[in-house]
Amino acid sequence: MAAKPPAGDPVQDAPEVSPPQRSAAGLPGVAHSLLAAQRQMGVRRTALTLLKVNQKDGFDCPGCAWPEPDKRHTAEFCENGAKAVAEEATLRRVTPEFFAAHPVADLATRSGYWLGQQGRLTGPMLLDEGAERYEPISWERAFSLVADELRALDSPDEAVFYTSGRTSNEAAFLYQLFAREFGTNNLPDCSNMCHESSGSALTETLGVGKGSVLLDDLYQADLIIVAGQNPGTNHPRMLSALEKAKANGARVITVNPLPEAGLERFKNPQTARGLALGGTPLADLFLQVRLGGDQALFRALNRMILEAEGAVDEEFVRAHTHGFEEFAATARAADWDETLRATGLARADIERAFQMVLASRRTIVCWAMGLTQHKHSVPTIREVVNFLLLRGNVGRPGAGVCPVRGHSNVQGDRTMGIFERPAPEFLDALEAEFGFAPPREHGLDVVRAIRALRDGRAKVFFAMGGNFVSATPDTEVTEAAMRRARLTVHVSTKLNRSHVVTGARALILPTLGRTERDTQASGDQFVTVEDSMGMVHASRGRLEPASARLLSEPAIVCRLARRVLGERSRTPWEEFERDYGLVRDRIARVIPGFEDFNARVSAPGGFVLPHGPRDERRFPTATGKANFTAAPVEYPEVPEGRLLLQTLRSHDQYNTTIYGLDDRYRGIRNGRRVVLVHPDDARERGLTDGAYADLVSEWRDGSERRAPGFRVVHYPTARGCAAAYYPETNVLVPLDATADTSNTPASKSVVIRLEQTAPV
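Our subject in this report is the structure included herewith. (Residues numbered from 1 in each chain as written. Predicted model: local features only at pLDDT ≥ 70, side-chain atom pairs only at ≥ 80, totals over all residues. Heavy atoms only, no water.)

**Regarding the overall build of the protein**
Okay, so step 1: Along the backbone of the protein there are 32 helices and 33 strands.
Okay, so step 2: Projected onto its principal axes, the C-alpha positions of the protein cover 70 × 60 × 55 Å.
Okay, so step 3: The buried share of the protein, taken over its 760 residues, is 64%.
Okay, so step 4: Taking contacts inside the protein between residues at least 6 apart in sequence as the whole, the part at least 24 apart equals 79%.
Okay, so step 5: Summing over all exposed atoms, the protein offers an accessible surface of approximately 26600 Å²; the carbon and sulfur share of this is 49%.
Okay, so step 6: Each charge class in the protein was averaged separately, 91 positive and 96 negative side chains, and the resulting centres sit 3 Å apart. (Helix = DSSP H or I, 4+ residues; strand = E, 2+ residues; numbered from the N terminus. Buried < 20%, exposed > 50% of the residue type's maximum accessible area, 1.4 Å probe, protein only. Contact = heavy atoms within 4.5 Å. Areas by Shrake-Rupley, 256 points an atom, 1.4 Å probe, with all protein chains shown as cover. Lys, Arg positive; Asp, Glu negative; His and termini not counted. Charge placed at Lys NZ, Arg CZ, Asp CG, Glu CD.)

**Some details on the nonpolar core**
Okay, so step 1: Grouped together as the largest cluster of nonpolar side chains are 61 residues, with contacts concentrated most on Leu150, Phe161, Phe178, Phe462 and Trp573.
Okay, so step 2: Every residue in contact with phenylalanine 161, bar those within four places of it in the chain, is listed here: Leu150, Tyr175, Phe178, Ala179, Phe182, Thr184, Asn186, Leu187, Pro188 and Phe462.
Okay, so step 3: With 50 residues, the next largest nonpolar core counts Leu301, Ala311, Phe316 and Trp367 among its residues. (Core = buried A, V, L, I, M, F, W, Y, C linked by side-chain atoms within 4.5 Å.)

**Some words on the sheet that holds strand β10 (residues 265–267)**
Okay, so step 1: The strand order across the open sheet formed by 3 strands is β2-β10-β11, and the pairing between neighbours is mixed. Sheet topology places β2 (24–25) and β11 (280–281) at the edges, where each strand pairs with a single neighbour.
Okay, so step 2: On the sheet, helix α12 (residues 238–247) packs against β2, β10 and β11 and is oriented at approximately 105 degrees with respect to β10. (Pairing = 2+ DSSP bridges. Axes fitted to C-alpha atoms, helices over the stretch in contact; angles between N-to-C directions.)

**A word on the environment of valine 500**
Okay, so step 1: Inspection of the secondary structure assignment puts valine 500 in the loop between β17 (487–492) and β18 (505–510).
Okay, so step 2: For valine 500 and valine 677, which are 177 residues apart along the polypeptide, the C-alpha to C-alpha distance reads 33 Å.
Okay, so step 3: Contact partners of valine 500, with chain neighbours within four places excluded, come to Val104, Leu107, Ala108 and Arg483.

**So, the state of the cysteines**
A covalent bond between the sulfur atoms of two cysteines is what we call a disulfide.
Okay, so step 1: One pass over the full model with this rule turns up 0 disulfides.
Okay, so step 2: Its sulfur unpaired, cysteine 194 is 5.4 Å from the next cysteine sulfur, which belongs to cysteine 190.
Okay, so step 3: Cysteine cysteine 366 remains unbridged, with the sulfur of cysteine 402 as its closest cysteine sulfur at 3.8 Å.
Okay, so step 4: We classify cysteine 366 as buried; its relative accessible area is 0%. (Disulfide = S-S within 2.5 Å.)

**Considerations on the packing of aromatic side chains**
Two measures describe an aromatic ring pair: the distance that separates the ring centres and the angle between the ring planes.
Okay, so step 1: Enumeration over the complete set of coordinates arrives at 22 aromatic pairs.
Okay, so step 2: Seen in terms of ring centroids, phenylalanine 161 and phenylalanine 182 are 6.2 Å apart; in terms of plane orientation they differ by 80 degrees. Their pairing is edge-to-face. You can see phenylalanine 161 sitting in strand β7 (residues 159–163) and its partner phenylalanine 182 sitting in helix α8 (residues 169–182), a full 21 residues away along the chain. Each member of the pair phenylalanine 161 and phenylalanine 182 is classed as buried.
Okay, so step 3: Judged by centre distance (6.3 Å) and plane angle (25 degrees), the rings of tyrosine 162 and phenylalanine 461 are stacked. With tyrosine 162 in strand β7 and phenylalanine 461 in strand β16 (residues 460–464), the pair connects residues that are 299 residues apart, well separated along the chain. Across the pair, exposure class does not vary: tyrosine 162 and phenylalanine 461 are buried alike.
Okay, so step 4: Taken together, the ring pairs connect Phe161, Tyr175, Phe178, Phe182 and Phe462 into an aromatic cluster.
Okay, so step 5: Directly above the aromatic system of tyrosine 654 lies the positively charged group of arginine 649, at a separation of 4.4 Å from the ring centroid. (Phe/Tyr/Trp six-rings, centres within 6.5 Å; stacked < 30°, edge-to-face > 60°. Lys NZ or Arg CZ within 6 Å of the ring centre and 35° of its normal.)

**Looking at the sheet that holds strand β31 (residues 705–714)**
Okay, so step 1: Reading around the barrel, the 6 strands line up as β25-β32-β29-β31-β30-β33 and close back on themselves, with mixed pairing between neighbours. If you compare each strand with its neighbour and ignore which way they point, the axes differ by 45 degrees on average.
Okay, so step 2: Relative to strand β32 (residues 721–725), strand β25 (residues 643–648) runs parallel, the two being bridged by 5 bridges. Across the sheet, leucine 644 pairs through a bridge with cysteine 721, a residue of β32.

Quick look at the structure:
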């Protein structure tokens, strides 16, 4: 019997506020996990499903990309992982009768939370041109409709093929293969909005756009710097790794504008100490940096390393690096007044951090969106690399770069070729293996795809997963752009905002989730994923599909490719749908590191991909060495009376999926329209704790972007900085406000003013 979803859209204009918590997880984390799971799945299904999450013979959590240790707990999941599984394995269903009862105009008034809570999609649905409601459609007719629209385009480059990071390696490889055989490199993905800055900086400096550490390296580190990241909410299982590192003698520095409960104290629900003895303090030093001040902080540390006798690993620098002299000259010119102005820190705190750096032989720097979503994000991450290279902390056990990815296979999708700017070597390998000439011209990333839709240069939008409309910046511009398309198609498991902001026609194609059994003509299948540290492993769903009418993502791609490409394609699409092992055989011949893929991934726990800088201190850069870089220090300039806003997640949220209306660790309950402001900044603007204000962003184009009706919360954030949840504040992020080089939306440095208003 299907579980009943919420009856109405809850009011979100009266959030309740209490002081933020000083610790994460513990018994409350366990209780919230089980309660959320049982509401969606029931008691028996909860037990059967959660015990298979992240197990070697189970399925990969559809949440974050944090790796699993070799020895795993019986409950190898976190609170948000349990919520992600519950949302997918829910007993709630969205049937044709639901769509008959809810015109699109009605659904468009509902919150993303309400839409997601309705349950799993059960069959393909069509919103025809001029229609008021989605109606059922057969799979055959749906594929024919997409094929007709794609074939009618004047150029393949008028189509956009977007990918969410949840897509498996097999589905991603097939998807990019289809798009390129169709004739375009328009393959934007969610990496464009998160770690594109990391990939750009790391490829230039180290030659590999991925992290250089494995989980065991964290356990061996002397010092771990966690910058611009909130693992307590976004990657909770990382807290267990930090706890183990601390037990082995590591020290931890956190760099963040907001104090984060999980980095203050972790109550590990897997241990007696965590449940009953108060948990483990994690951060030895908290540097409450001003938004965008991280480059200046690492530049100051680099100057101090250069000036300290014997602090530079001169042998490593001489043997393995390029560009040291130019970098050193720039770093030695770092100015203390500018550093303190950019960071908002006291000099004594930076000097204390430097002493911890000097005491460490093995240092790791971890980071996430707090570093990647600024205009100067790429130079900031380059400065982090400079910091590690100075003391030889790349290619040494217990040391290296650790960009912490979000979606569970976002890194694997990129490895499989989901990239609008593919390397020539990858295209050469595709051509040799499949016998067609892939397009060589670079395609569209996310921001450029929105512009192309806005300007009428793109006419068909196809999304493999995700919630594009809610994930992207400049909401009004993005929604208007999507409405200009001739056809929008979304391969999805659940309803979201993107299904109600459509082109002239729209299709919803429902797909299997990670938790579900995938049976094809050759028998039960498994798929593979790559975690944030380059480990590739199998994922096997066990539950019966939510509906007999669901197709897997590989099946959807294969059937669509056969319909669109027809006789001209030599690719064995039908065989690939029948047996995913045949897909892996082709991946093994195209992508380095996947040799003998099927045999290696059959081993429990999978295998690790090669990484030249980590494994051999071999740097496949243009110079053949690790590159020091020199760049001027940048940080956001904020006019008098304005604040710098960062968009962020609540604790009851994963990316654009809203699990509930609470942010327990920050003391927010029953609401999301809140803005966190330092008490002194609020008082200077005449805003009491509990006042309401519109958030208005200011950008050089002169346009007014407004998010109305936010409750002001006096909060211990860095002075001059504010924070509020996305997607509600994506409307404030200008489409053209992006990071240099990577073109990632600058969602962590939005200049705003607060205009007091009455409660909504």
